[in-house]
Amino acid sequence: MTAALSLAGVTHRYPDGSPALHGVDLVVQTGERVALLGPNGAGKTTLVLHLNGILTPTTGTVHVDGLPVEREHLQEVRRRVGIVFQDPDDQLFMPTVREDVAFGPANLGLSPDEVDARVAEALEQVGMADAADRAPHHLSFGQRRRVAVATVLAMWPSILVLDEPSSNLDPASRRELADILVGLDLTVLMVTHDLPYALELCSRSVVLDTGRVVADGSTGALLGDADLMRAHRLELPYGFDPASVPGRLP
Amino acid sequence: MGAGHAHALYVPRESLLHRLPAQCKIAAVVLFGLVVVSTPARSFWAFGAYALLLLGVVLTARLSPRLVLRRMVVEVPFVVFALLLPLVARGDRVDVLGLSLSQSGLLGAWNLLAKATLGVIASIVLASTTTIRDLLHGLERLRLPRQLVLIASFMVRYADVLAAEMARMKVARESRGFTATGLRAWPVLSASLGALFLRSYERGERVHLAMRSRGFNGTMPVLRRAAPTAGSWAAALALPASAGLVAVTAVLA
């Protein structure tokens, strides 16, 4: 079976010469939910921007569903990799929720009927069907985050990439988003500092530090490895014992 | 944030005018303006007829005349200019209440004041019965360059976000004991403005990134909108058409 996502020896240097990624190898199988952990400045966002060709590797290759991320496949790759950015105000730029969710499918050249159907379906999936005609800036932060998820779901991606999905959410919104994510039949890669969230949603975690994959394994085992955690500035909330918490499969 | 600027002028009501497609209303206002502007200033009765027509429109839109009057404040600069005209213009003069006024200046002032007032009222009705979003779509349907529409719609979308950011910066300044008094506050304020500009610029880049990630390649996709019916056009153009009749009569007379 072809992996949903496969990175081989990916390095990246920024134009000013500063290195961001040093030979990242990562394979995510279809249907997996994987957390990407690491301290600030580890290169997580840089990695994410490689997944849909916004950034291109200095050396190495990225494949999405077996498709190389190269200029000729960019449009298809961007359909397959749905990135939900951290600040929903960056993602929601159209005057209404409906138009924003329609933006992606319309870019794919779908017919107006298909676009309408996709919009309705995606908003339904995140429980925001009632908000279709509202302006994004009239929604609560949690609602905006959910609409941001809908904007990429409407493109029928095969892999959903979330950058800090739980940041700035109140506990109820955070849980509601988790319920939505668990209900999706999608491959998920989730960049997060929220380790309990990673444990709850992702059976597997990858730790990135200074542009290298330094650990890759079951989330429970990684979070339970005190030495590893300390070495990469990862800390669990006070009193949190990863061994005592069951994850939500898969 | 709250309701914010996006709906600042819109007055939600259930009326024929509210239901009309924006492009019909925009076209009607522009045509009405052209008709009014091309009416000779001496055809005083024609302007009275236009005013009556507009009153009818205001009532059809179920807007309170009081609200329309209040919003006419935007016209004040024109009014001041118009009132100065009779004093400064040359030509034959007449004495009114002990002031020596220019006749052509008086006519010019009347001309300016009447036409501007009619135009302003028509625009107020348009803005009160149409959401900004619909206005933008209407302009797009009227073939205004899409880039311009896009820039305007971004402005509408992010005005609240920027205002909120500015408010947060103000709170942060004041929380550290800053009070804006006098010249010495200017460097601080301008630094804040610079920071706001940089943040907006960076946000622009992030928005562009998010757009590209969803397949944006330079052209906005066209979303379907029902084309206005002939009935809508007829209803909207009733105003400029009847104004046109008045104007033709005035010119012929």
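Residues numbered from 1 in each chain as written. Chains lettered and ligands numbered in written order. Predicted model: local features only at pLDDT ≥ 70, side-chain atom pairs only at ≥ 80, totals over all residues. Heavy atoms only, no water.

Residues and elements named next belong to chain A. In spatial order, the strands read β6-β7-β8-β3-β9-β10; together these six strands make up an open sheet with mixed pairing. The outermost strands of the open sheet, each flanked by one partner alone, are β6 (81–84) and β10 (212–218). The sheet shows a mean angle of 20° between the axes of neighbouring strands, direction not considered. Here four bridges tie β6 to strand β7 (residues 159–163), and the two strands are oriented parallel to one another. Each bridged residue has a counterpart across the sheet, and for Val84 the counterpart in β7 is Leu162. (Pairing = 2+ DSSP bridges. Helix = DSSP H or I, 4+ residues; strand = E, 2+ residues; numbered from the N terminus. Axes fitted to C-alpha atoms, helices over the stretch in contact; angles between N-to-C directions.)

This part covers the packing of helix α3 (residues 44–60) of chain B against helix α6 (residues 103–129) of chain B. Residue and element names in this part refer to chain B. Between α3 and α6, the least distance of the axes is 10 Å, while the angle of their chain directions is 15°. Taken together, α3 and α6 sit at an angle that is classed as roughly parallel. For the pair α3 and α6, the crossing hand works out as left-handed. Where α3 abuts α6, its residues Phe44, Phe47, Tyr50, Ala51, Leu54, Val57 and Val58 lie against Leu107, Trp110, Ala114, Lys115, Leu118, Ile121, Ala122 and Val125. (Parallel < 35°, antiparallel > 145°, perpendicular 65-115°, else oblique. Left-handed = near helix turned anticlockwise from the far one by under 90°. Contact = heavy atoms within 4.5 Å.)

Time to look at helix α10 (residues 230–252) of chain B. Residue and element names in this part refer to chain B. In a regular helix each residue adds 1.5 Å, so 23 residues correspond to 33 Å; α10 covers 30 Å between its end C-alpha atoms and thus fits that length. Buried within α10 we find Ser232, Ala236, Leu239, Pro240, Ala243, Gly244, Val246, Ala247 and Ala250. Residues of α10 that are buried make contact with α2 (22–37) and α3. (Expected span 1.5 Å × (residues − 1). Buried < 20%, exposed > 50% of the residue type's maximum accessible area, 1.4 Å probe, protein only.)

Residues and elements named next belong to chain B. A surface patch of nonpolar side chains, about 620 Å² in accessible area, is lined by Val73, Val76, Val80, Leu84, Leu87, Val88 and Leu99. With five residues, the single largest contributor to the nonpolar patch is helix α5 (residues 76–88). Turning to its location among the elements, Leu87 is positioned in helix α5. Judged by relative accessible area, Leu87 falls into the partly exposed class, the value being 42%. (Patch = residues over 30% accessible without salt bridge, like charges linked within 9 Å, V, L, I, M, F, W, Y side chains within 5 Å. Areas by Shrake-Rupley, 256 points an atom, 1.4 Å probe, with all protein chains shown as cover. Salt bridge = Lys/Arg side-chain N within 4 Å of Asp/Glu carboxyl O.)

How big an interface is tends to be reported as the loss of accessible area on association of its parts. The interface of chain B with chain A comprises 31 residues on the first partner and 33 residues on the second. Surface buried jointly by chain B and chain A totals about 2900 Å² across both partners, of which 56% is contributed by carbon and sulfur atoms. Where chain B meets chain A, there are six salt bridges. Across the pair A:Asp90 and B:Arg206 runs a salt bridge, and its minimum N-O distance is 2.4 Å. Applying the counting rule to chain B against chain A returns 14 residue pairs in polar contact (both at pLDDT 80 or more). Taken together, the elements giving at least two residues each to the side of chain B that touches chain A come down to α7 (132–141), α8 (146–175) and α9 (186–213) of chain B. Element by element, the count of residues in the side of chain B that touches chain A is highest for α9(B), at eight residues. In the side of chain B that touches chain A, the residues fall into 14 nonpolar, eight polar and nine charged. (Buried area = accessible area lost by both parts, 1.4 Å probe. Polar contact = N/O pair within 3.5 Å; in protein donor to acceptor, adjacent residues only side chain to side chain. Nonpolar A, V, L, I, M, F, W, Y, C, P; charged D, E, K, R; others polar.)

Attention now moves to the side chain of A:Glu99. All names here are of chain A. Inspection of the secondary structure assignment puts Glu99 in helix α4 (residues 97–107). Classification of Glu99 by relative accessible area gives buried; the value is 5%. A distance of 2.7 Å separates polar atoms of two side chains, one belonging to Glu99 and the other to Thr96.

For chain B, the assigned domains read domain 1 (8–138 + 228–252) and domain 2 (146–213). Here domain 1 of chain B and domain 2 of chain B have C-alpha centroids that lie 36 Å from each other. (Domains from an automatic or database assignment.)

In this section: the sheet that holds strand β2 (residues 19–28) of chain A. All names here are of chain A. Spatially, β2-β1-β4-β5 is the arrangement adopted by the four strands of the open sheet, whose pairing is antiparallel. Of all the strands in the sheet, the pair left with one neighbour each is β2 and β5 (67–68). Bridge count between strand β4 (residues 59–64) and β5: two bridges; the pairing is antiparallel. When the bridges of β5 are listed, Val64 appears paired with Leu67. The sheet strands contacting helix α1 (residues 44–51) are β1 (5–13), β2 and β4, and the helix crosses β1 at an angle near 120°.

The next point concerns unusual backbone geometry. Both trends apply: most residues other than glycine have a negative phi, and most peptide bonds are in trans. All names here are of chain A. The phi torsion at Asn168 lies on the positive side, around 65°, for a residue other than glycine. For Asn168, the position within the fold is in the loop between β7 and α7 (171–183). A residue is classified by how much of its surface remains accessible, and Asn168, at 64% relative accessible area, is exposed. At Arg233, a residue that is not glycine, the phi angle is positive and equals roughly 55°.

To continue, consider the packing of aromatic side chains. Throughout the structure, instances matching the rule amount to nine aromatic pairs over all chains. Here a set of aromatic residues connected by ring pairs shows up, and it is made of A:Phe93, A:Phe103, B:Phe154, B:Tyr158 and B:Phe216. Positioned over the ring face of A:Trp156 is A:Arg118, at 3.7 Å from the centre of the ring. The ring of B:Tyr158 has B:Arg157 sitting right over it, with the charged end atom 4.8 Å from the ring centre. (Phe/Tyr/Trp six-rings, centres within 6.5 Å; stacked < 30°, edge-to-face > 60°. Lys NZ or Arg CZ within 6 Å of the ring centre and 35° of its normal.)

With that settled, the discussion passes to the packing of α7(B) against α8(B). All names here are of chain B. Across the interface, α7 lies against α8 with an axial gap of 9 Å and an inter-helix angle of 175°. Put simply, α7 runs roughly antiparallel to α8. The segment α7 lies against α8, with Ile132, Leu136 and Glu140 engaging Arg146, Val149, Ala152, Ser153 and Val156. Among the residues forming the contact of α7 with α8, the class breakdown is five nonpolar, one polar and two charged.

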